[in-house]
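Coordinates in review
Take a look at the letters that make up each chain.
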Amino acid sequence: MSHSDSSRRTLVLGGARSGKSAYAEELAGAATGPVRYLATSIPDPADLDFAARIATHRDRRPADWAVVESADPAAVLSAPAPEGTTLIDDIGTWLTACIDARDAWESPRGTVSPEADALVAAVAAYPHRLIIVSPEVGMGIIPATRSGRLFRDEIGTLNQRLAQVCDEAFLVVAGLPLRLK
Ligand SMILES: Nc1nc2c(ncn2[C@@H]2O[C@H](COP(=O)(O)OP(=O)(O)OP(=O)(O)O)[C@@H](O)[C@H]2O)c(=O)[nH]1
């Protein structure tokens with residue numbers, strides 16, 4: 001697949017507090033044109049810790065970035081796209097919400113495949129610059145819970161599929177990006 005720089009797709013992987021979001025924001029800031037920040041988390045006013053994290057993000061983001069909060073990134077990407085760069089942060093939050101919505105934590109692998117298929121297709125078809133943040137998990141011991149094992153397997157499979165349709169991919173560790181593709 002060959003793309004111009006303006007339609008390049010970039011996947012940014014990393015563990016918790018690895019600096020993956022900050023690196024993705026750096027890439028978005030370096031791109032030409034306007035930036036649209038697509039947050040997949042819908043804030044819960046009762047969750048003060050998460051509200052503080054979001055506030056930190058807002059403070060460090062340039063004021064002229066458009067912010068879209070949506071639990072359905074495939075729908076956002078499939079709608080008529082504005083010029084410039086879209087940054088999706090992040091796929092782990094989205095996957096958790098998808099599994100919750102189907103009440104599928106005790107279900108077999110693949111229950112959320114329709115949603116994953118739609119996301120991968122929307123990413124592959126997106127016509128402008130796209131940067132996607134997703135968690136890299138599963139390098140430690142096998143989780144003790146069924147839900148933990150389900151998430152680890154589903155996000156690993158999805159990350160592989162996203163990496164295939166992206167032009168480049170990075171793994172961020174301790175704030176340092178390692179190019180994978
Ligand atoms: N709803 C909403 N969520 C936001 C906003 N800004 C950031 N977020 C969410 O904040 C989350 C990332 O929080 P971080 O604390 O950076 O995540 P982390 O994985 O611990 O750390 P890093 O690896 O450094 O990114 C993502 O799920 C974003 O969707 C916002 O304006 N609105």
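Scroll up to find the structure this text is about.
Let me begin by describing the structure that accompanies this report. (Residues numbered from 1 in each chain as written. Predicted model: local features only at pLDDT ≥ 70, side-chain atom pairs only at ≥ 80, totals over all residues. Heavy atoms only, no water.)

1. Regarding the overall build of the chain
- Along the backbone of the chain there are 6 helices and 7 strands.
- From first element to last, N terminus to C terminus, the chain shows the α and β order β-α-β-α-β-α-β-α-α-β-α-β-β.
- Taken against the 2.2 N^0.38 rule, which gives 16 Å for 181 residues, the C-alpha radius of gyration of the chain at 16 Å falls within 12% of a compact globule.
- In terms of principal-axis extent, the alpha carbons of the chain reach across some 45 × 40 × 30 Å.
- Relative to all contacts within the chain whose residues are 6 or more apart in sequence, the contacts with residues 24 or more apart total 78%.
- Looking at the chain as shown, the accessible area adds up to about 9300 Å², and 56% of this sits on carbon and sulfur atoms. (Helix = DSSP H or I, 4+ residues; strand = E, 2+ residues; numbered from the N terminus. Rg over C-alpha atoms; globule rule 2.2 N^0.38 Å. Contact = heavy atoms within 4.5 Å. Areas by Shrake-Rupley, 256 points an atom, 1.4 Å probe, with all protein chains shown as cover.)

2. Examining the pattern of salt bridges
- Inspection of every chain in the model, using the stated rule, returns 10 salt bridges.
- One salt bridge connects Arg161 with Asp117, and the closest N-O pair in it is separated by 2.8 Å. Taken together, the residues Arg161 in helix H6 (residues 146-165) and Asp117 in helix H5 (residues 113-125) connect sequence positions 44 residues apart.
- When its relative accessible area of 29% is taken as the criterion, Arg161 is described as partly exposed. (Salt bridge = Lys/Arg side-chain N within 4 Å of Asp/Glu carboxyl O. Buried < 20%, exposed > 50% of the residue type's maximum accessible area, 1.4 Å probe, protein only.)

3. Observations regarding the site of the ligand
- With respect to spatial proximity, 21 residues lie near the ligand, and among them Lys20, Ser21, Ser41, His57 and Asp89 are the closest.
- In this structure, Arg58 approaches the ligand through a side-chain N or O atom, which is 3.3 Å from an oxygen atom.
- Between the ligand and Glu69 there is a distance of 2.7 Å, counted from a nitrogen atom to a side-chain nitrogen or oxygen.
- Bound to the protein, the ligand loses 92% of the 660 Å² it would expose on its own.
- Put simply, the parts of the chain that give the shell around the ligand at least two residues each are helix H1 (20-30), strand S2 (35-39), helix H2 (48-60) and strand S3 (66-69).
- Per-element tally for the shell around the ligand: the top contributor is H2, with 4 residues.
- When its residues are assigned to classes, the shell around the ligand shows 5 nonpolar, 8 polar and 8 charged. (Near = heavy atom within 4 Å. Polar contact = N/O pair within 3.5 Å; in protein donor to acceptor, adjacent residues only side chain to side chain. Nonpolar A, V, L, I, M, F, W, Y, C, P; charged D, E, K, R; others polar.)

4. Re unusual backbone geometry
- A cis amide bond, omega 0°, links Asp89 with the succeeding residue Asp90.
- Note that Asp90 resides in the loop between strand S4 (85-89) and helix H4 (91-101).
- Within the chain, Asp103 stands out as a residue other than glycine whose phi angle is a positive 50°.
- Mapping Asp103 onto the fold places it in the loop between H4 and H5.
- By relative accessible area, Asp103 is classed as exposed at 63%.

Read these as spatial facts, not as claims about activity.
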